[in-house]
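# Report on the structure
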Amino acid sequence: MESVNEVGKKKASGSKNRKRAKENAQKNALLVSKMPKLQNYFFKLETGGYQKIIYRSIRQKKRAVFFDEGGSEDIMFSEKENMKIKTFFPIIDALISNLNKRKEAYNELNEKFGFFLHLEDIDQTELKLRAEKLVNIYEDDLDIEFVEELLQFKQMVLCMPESQKNSFHALLKALIKYNISSTFPSIEIALKIFTCMPCSNASGERSFSVLKRVKTYLRSSLANEKTSSLSLLCMESKVVKNIDWSTLVKRFAKDKARKKL
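About the cut-offs
- Think of each chain on its own: its residues are numbered from 1, step by step along the sequence as written.
- With pLDDT at 70 or above as the cut-off, local features in this predicted model cover only qualifying residues; side-chain atom pairs require 80 or more to be listed or tallied, and sums for whole chains, interfaces and linings still use all residues.
- Heavy atoms from the whole structure form the basis of all side-chain values; hydrogens and water molecules are not counted.
- To qualify as a nonpolar core, a set must consist of buried Ala, Val, Leu, Ile, Met, Phe, Trp, Tyr and Cys residues joined through side-chain atoms within 4.5 Å.
- Each residue is assigned to one of three classes by its accessible area relative to the maximum for its type, calculated with a 1.4 Å probe on protein chains only: buried under 20%, partly exposed between the two thresholds, exposed over 50%.
- Secondary structure elements are defined from DSSP: runs of H or I of at least 4 residues count as helices, runs of E of at least 2 residues count as strands, and each element is numbered from the N terminus.
- Should any heavy atoms of two residues lie within 4.5 Å, those residues are considered in contact.
- The angle between two axes is taken between their N-to-C directions and runs from 0 to 180 degrees, where each axis is a line fitted to C-alpha atoms and a helix contributes only its stretch in contact.
- Crossing handedness is defined as follows: a turn of the near helix away from the far one that is anticlockwise and smaller than a right angle gives a left-handed crossing, while the clockwise case is right-handed.
- As a working rule, the residues Ala, Val, Leu, Ile, Met, Phe, Trp, Tyr, Cys and Pro are called nonpolar, Asp, Glu, Lys and Arg charged, and the rest polar, with Gly in that last group.
- In protein, a polar contact means a hydrogen-donor-capable atom and an acceptor-capable atom, both N or O and within 3.5 Å, with residues adjacent in sequence counting only if both atoms are side-chain atoms; elsewhere, any N or O pair within 3.5 Å suffices.
- Each patch is built from salt-bridge-free residues with over 30% relative accessible area, joining like charges within 9 Å and nonpolar side chains (Val, Leu, Ile, Met, Phe, Trp, Tyr) within 5 Å.
- Shrake-Rupley sampling with a 1.4 Å probe provides the accessible areas, and residues are treated as covered by the protein chains on show and by no other component.
- The rule for a salt bridge is simple: a side-chain nitrogen of Lys or Arg has to be within 4 Å of a carboxyl oxygen of Asp or Glu.
- Pairing of aromatic side chains requires ring centres within 6.5 Å, counting the rings of Phe and Tyr and the six-membered ring of Trp. Pairs whose planes differ by under 30 degrees are stacked, by over 60 edge-to-face, and all others tilted.

## Observations regarding the nonpolar core
F116 and F146 are the most contacted members of the largest nonpolar core, which has 31 residues in total. Looking at this core, the elements with two or more residues in it are α2 (79-113), α3 (124-137), α4 (145-159), α5 (168-177) and α6 (185-195). For this core, the leading source of residues is α4, giving six residues. Apart from the residues within four sequence positions on either side, F146 is in contact with F115, F116, A131, L134, V135, S186, I187 and A190.

As structure tokens, this is what we get:
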């Protein structure tokens, strides 16, 4: 049987929860009511840009001029010009700079591996030069036999359907499917090198999407190292599911065992 105090505490907690839920509903309703106004504001920014924004005029403060200074006056900008100089132009400059860096990285990557997707259109002389250049870059992973393998692999690509030669992943899957990896080991290594590179924009977007699921409201105090490890486990869930956990559990128990004296 519950005592009178316990029943009273349950009623009090229930009333508090209902009050909190009511306050949250009111806040949500207030946010929803302000959404049309916010959408209209962003629509004006997208259609008319900063030119249609109404700026509030603020009285300009003048700096005191000392006797040893020249007579040149400070340049005073309006609010609209300040917005362009301090906000709009820096954002555009940073965007252009990052896009140029990304373009240079993609061009460099295409210069190294791009010939794999154009084997049918490249003649043997140019193909040899591109292959030798790739061998010099990855001399620890590829040998000079890669050049001859590439020339033979070109003849096989001519017989493949379009769906198996339009991407690096498709070429690697075709090697595995037709069981010719042992015939072209250097080709397989080169394709694996490319597929392991983080050259896709989607990897960063996936990591942020995973971060929302890992670092929730209840896990807000996670350290950076643990958050990064959990995110990596979540992103590579297919690999994690195939791991034999019994060995890891035994190793963890052995390392963390507390010996009693």
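## Some remarks on the packing of α5 against α6
Two numbers describe how α5 lies on α6: the axes approach to 10 Å, and their chain directions differ by 145°. Crossing handedness for the pair α5 and α6: left-handed. The segment α5 lies against α6, with F168, H169, L171, L172 and L175 engaging I187, E188, L191, K192, F194 and T195. Class assignment for the residues of the contact of α5 with α6 results in seven nonpolar, two polar and two charged.

## What about the side chain of Q164?
Along the polypeptide, Q164 turns up in the loop between α4 and α5. Within the local environment of Q164, its side chain forms a polar contact with the side chain of Y178, the two groups lying 2.8 Å apart. Ignoring sequence-local partners within four residues, the contact set of Q164 consists of A170, L171, A174, K177 and Y178.

## A few points about the environment of I122
With respect to the helices, strands and loops of the structure, I122 is situated in the loop between α2 and α3. Using a relative accessible area of 9% as the deciding quantity, one classes I122 as buried. In this structure the C-alpha to C-alpha distance between I122 and K154, which are 32 residues apart in sequence, comes to 9.6 Å. Those residues in contact with I122 that lie beyond four places of it in its chain are F115, L127 and K154.

## Comments concerning a nonpolar patch on the surface
Nonpolar side chains collect at one region of the surface, where V239, I243, W245, L248 and V249 lie side by side and expose about 440 Å² of accessible area between them. The element that contributes the greatest number of residues to the nonpolar patch is helix α10 (residues 245-255), accounting for three residues. Among the secondary structure elements, I243 is positioned in the loop between α9 (237-241) and α10.

## Here's the deal with the packing of aromatic side chains
In this structure the tally under the stated criterion is eight aromatic pairs. Plain terms: the ring middles of F113 and Y138 are 5.9 Å apart, the flat faces sit at 45° to each other, and that makes the pair tilted. Highlighted residues: F113 in helix α2 and Y138 in the loop between α3 and α4, separated in sequence by 25 residues. Both residues of the pair, F113 and Y138, count as buried. Consider the rings of F113 and F194, whose centres lie 5.4 Å apart with planes at 55°: the pair is tilted. Linking F113 in helix α2 with F194 in helix α6, this pair joins segments that are 81 residues apart in sequence. Side by side, F113 and F194 carry an identical accessibility label, which is buried. Joined through ring pairs, the aromatic side chains of F113, F115, F116, Y138, F146, F168 and F194 make up one cluster.

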